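The lines below spell out each chain.
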Amino acid sequence: MAGRFEQRPTRAPVRGGWAGVPSPRPAPDGGPRTVGRTREWVPPWPLDLGLVLGPLRRGPADPTFCATPDGSVWRASLTPFGPGTLRMSARAGVVHGEAWGPGAEWLLDQLPRMLGEADDPGAFEPRHRLVALSRHRRPGLRLTRTGLVLEALIPSILEQKVTVDEAFLAWRTLVRRYGVPAPGPGPAGRRLYVMPEPRVWALIPSWEWHRAGVDHKRSSTILRAVRVARRMEEAAALDPVAARRRLELVPGVGPWTSAEVVQRSHGAADEVTVGDLNLPGIVGYALAGDRDADDSAMLALLEPYAGQRHRAVRLILLSGRTPARRQPKRTRGDIGRL
């Protein structure tokens, strides 16, 4: 893939969401390893694990996500049945899943939906040449659906109104400090962690939030969300619009955050992130040459994609057509040093 359409890892989870999974190659002989529960699934379409699962990675050092040199993707999740680790790989058109821990069976059961089984890209019709080219170059793109709400909600709250570097550092710090080691062997040379249970999030002292660089507003929003964790997770069974309404009942969770959540938990093809600092300008520049577009202009440009607007945005972000930077990159803050 050449030119501006070359796939490259991006730092912000919404910026196209490509995880940079290496091409499969035999893993080195590392001796005996724990065998977990397994499942094989044959998707009836081309599948790119990096494209599908990329939006679930919160930074290159996410303690719950790892892409390894043998082409596998590892995820550590807090399922309704407890912690679980899932390893996924795709070879010769067959997806191999292996899972460990109390949540292993649940993760394997969710595997097809996580890899886009419930998605319908056939309903998408490109209206712009750039979008059509981006789709043509990425036949393996599907929208993931994890079925887990808090897993998407908490890191999305951490990303409110800060740089992605600050948000990724906070997520990394808190999960490693208060999460539990992921069950199973894990990828070579890397320890994965399962994010804390709701009760553990609620017991984190205020000074530890501060040390992780999380201000009072964001930490208070997370505390309010985990106090109604069961109701939040029940939103996974609702349609995306109803799920967003339920999420936004929590003070501090607005349209930006709820959209980021249902894009991952529900695989919502039409839920657009509004209120983002950079996204309207990127969409406006890609589709109309307007780098100063606001949310209203962005939504007007995406109107021809009604029902599939989130997919259109992902393809635009993956195209690599973004306006040149006009000002220095925002300085990363660290309130933990105050």
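Notes on the structure follow. Given the structure is predicted, the values throughout are model-derived calculations rather than measurements. Position numbers for residues count from 1 along each chain, tracking the sequence in the order it is written. Note on the predicted model: pLDDT of at least 70 is required for a residue's local features to be given, and 80 or more for side-chain atom pairs to be given and counted; whole-chain, interface and lining totals, by contrast, use all residues. As a convention, hydrogens and water are excluded, and side-chain values are obtained from all of the structure's heavy atoms.

## Side note on the packing of helix α3 (residues 129–136) against helix α14 (residues 309–319)
Phase 1 of the analysis: The N-to-C vectors of α3 and α14 enclose an angle of 80°; their axes lie 9 Å apart at closest approach. As far as their axial angle goes, α14 and α3 are roughly perpendicular. In this structure, α3 contributes L130, V131, S134 and R135 to the contact, and α14 contributes L315, I316, L318 and S319.
Phase 2 of the analysis: In this count, Pro and Cys sit with the nonpolar residues alongside Ala, Val, Leu, Ile, Met, Phe, Trp and Tyr, while Asp, Glu, Lys and Arg are called charged and the others, Gly among them, polar. Here the contact of α3 with α14 is built from residues that sort into 5 nonpolar, 2 polar and 1 charged. Interaxial angles span 0 to 180 degrees and are taken between N-to-C directions of axes, which are lines fitted to C-alpha atoms, for helices over the stretch in contact. Comment: elements are numbered from the N terminus, with helices defined as DSSP H or I runs of at least four residues and strands as E runs of at least two. Any angle between 65 and 115 degrees counts as roughly perpendicular, while under 35 counts as roughly parallel, over 145 as roughly antiparallel, and the rest as oblique. The contact criterion used is simple: two residues touch if any of their non-hydrogen atoms lie within 4.5 Å.

## Quick notes on the environment of D270
Phase 1 of the analysis: Note on placement: D270 falls in the loop between α11 (255–265) and α12 (279–288).
Phase 2 of the analysis: Using a 1.4 Å probe on the protein chains alone, a residue whose accessible area is under 20% of its type maximum counts as buried, one over 50% counts as exposed, and one in between counts as partly exposed. With relative accessibility at 21%, the residue D270 sits in the partly exposed group.
Phase 3 of the analysis: The sequence separation of D270 and Y305 amounts to 35 residues, and the corresponding C-alpha distance is 8.4 Å.
Phase 4 of the analysis: Among residues more than four places away in sequence, those in contact with D270 are Y305, A306, G307, Q308, R309 and H310.
Phase 5 of the analysis: The definition of a polar contact used here is a pair of N or O atoms within 3.5 Å, where within protein one atom must be able to donate a hydrogen and the other to accept one, and adjacent residues in sequence count solely through side-chain atom pairs. Only 2.7 Å separates the side chain of D270 from the backbone nitrogen of G307, close enough to count as a polar contact.
Phase 6 of the analysis: For D270, the side chain forms a polar contact with the main-chain nitrogen of Q308, separated by 3.3 Å.

## Focus: the nonpolar core
Phase 1 of the analysis: To qualify as a nonpolar core, a set must consist of buried Ala, Val, Leu, Ile, Met, Phe, Trp, Tyr and Cys residues joined through side-chain atoms within 4.5 Å. Grouped together as the largest cluster of nonpolar side chains are 41 residues, with contacts concentrated most on L153, M195, W201, W209, I222 and L247.
Phase 2 of the analysis: Sort the elements by how many residues they give to this core and helix α4 (residues 150–158) lands first, with 6 residues.

## Remarks on the sheet that holds strand β1 (residues 37–41)
Phase 1 of the analysis: The antiparallel open sheet is built from 5 strands, whose spatial order is β1-β5-β4-β3-β2. With one partner strand each, in any of the chains shown, β1 and β2 (65–67) form the two edges of the open sheet. Each neighbouring strand pair of the sheet contributes to a mean axis angle of 20°, computed without reference to strand direction.
Phase 2 of the analysis: Pairing geometry for strand β3 (residues 73–79) and strand β4 (residues 82–91), over 7 bridges, is antiparallel. Opposite T79, over in β4, you have G82 as the bridge partner. Strands qualify as paired when DSSP identifies two bridges or more between them.

## Quick notes on the packing of α12 against helix α13 (residues 295–302)
Phase 1 of the analysis: Look at α12 against α13: their axes get within 9 Å of each other, and the N-to-C directions meet at 45°. Taken together, the axis directions place α12 and α13 in an arrangement best described as oblique. When the axes of α12 and α13 are compared, the crossing they make is left-handed. Packed against α12, whose contacting residues are L279, P280, V283, G284, L287 and A288, the element α13 presents D295, M298, L301 and L302 at the interface. What makes a crossing left-handed is the near helix being turned counterclockwise from the far one by less than a right angle; a clockwise turn instead makes it right-handed.

## As for the side chain of T85
Phase 1 of the analysis: For T85, the position within the fold is in strand β4.
Phase 2 of the analysis: Here the side chain of T85 touches P183 through a polar contact of 2.6 Å, landing on its backbone oxygen.
Phase 3 of the analysis: Look past the residues within four positions of T85 in its chain and what remains in contact with it is W74, R75, A76, E98, A99, W100, L107, A182 and P183.

## Re the pattern of salt bridges
Phase 1 of the analysis: Between Lys or Arg on one side and Asp or Glu on the other, a salt bridge is scored when a side-chain nitrogen of the former is within 4 Å of a carboxyl oxygen of the latter. Taken as a whole and judged by the stated rule, the model has 17 salt bridges.
Phase 2 of the analysis: One salt bridge in this structure joins R87 and D70, with 3.2 Å as the shortest N-O distance. On the criterion of sequence distance, the pair formed by R87 in strand β4 and D70 in the loop between β2 and β3 is long-range, its members being 17 residues apart. Neither R87 nor D70 differs from the other in exposure class; each is buried.
Phase 3 of the analysis: Residues E234 and R230 are paired through a salt bridge, measuring 2.7 Å at the closest nitrogen-oxygen approach. Taken together, the residues E234 and R230, both in helix α9 (residues 229–234) and 4 residues apart, mark about one turn of the helix.

## Digging into the environment of V73
Phase 1 of the analysis: Here V73 shows up in strand β3.
Phase 2 of the analysis: On the basis of relative accessible area, V73 is assigned to the buried category, the value being 0%.
Phase 3 of the analysis: Distance from V73 to L53, taken between C-alpha atoms, is 8.4 Å for residues 20 residues apart in sequence.

## Thoughts on unusual backbone geometry
Phase 1 of the analysis: We note that A92 has phi near 55°; this positive angle belongs to a residue other than glycine.
Phase 2 of the analysis: Within the fold, A92 resides in the loop between β4 and β5 (94–100).
Phase 3 of the analysis: Positive phi values are uncommon outside glycine, yet K161 reaches one of about 60°.
Phase 4 of the analysis: Tracing the backbone shows K161 in the loop between α4 and α5 (164–178).
Phase 5 of the analysis: Overall, the relative accessible area of 71% leaves K161 in the exposed class.

## Considering the packing of aromatic side chains
Phase 1 of the analysis: Any two of the Phe, Tyr and Trp rings considered here, Trp counted by its six-membered ring, make a pair once their centres fall within 6.5 Å; the pair's planes then place it as stacked at under 30 degrees, edge-to-face at over 60, or tilted in between. A complete count under the given rule lists 5 aromatic pairs for this structure.
Phase 2 of the analysis: Their ring planes at 70° and their centres at 5.7 Å tell us that W41 and W45 sit as a pair that is edge-to-face.
Phase 3 of the analysis: For W45, a relative accessible area of 17% translates into the label buried.
Phase 4 of the analysis: The interplanar angle of 25° and the centroid separation of 6.0 Å between the aromatic rings of W201 and W209 together place this pair among those described as stacked.

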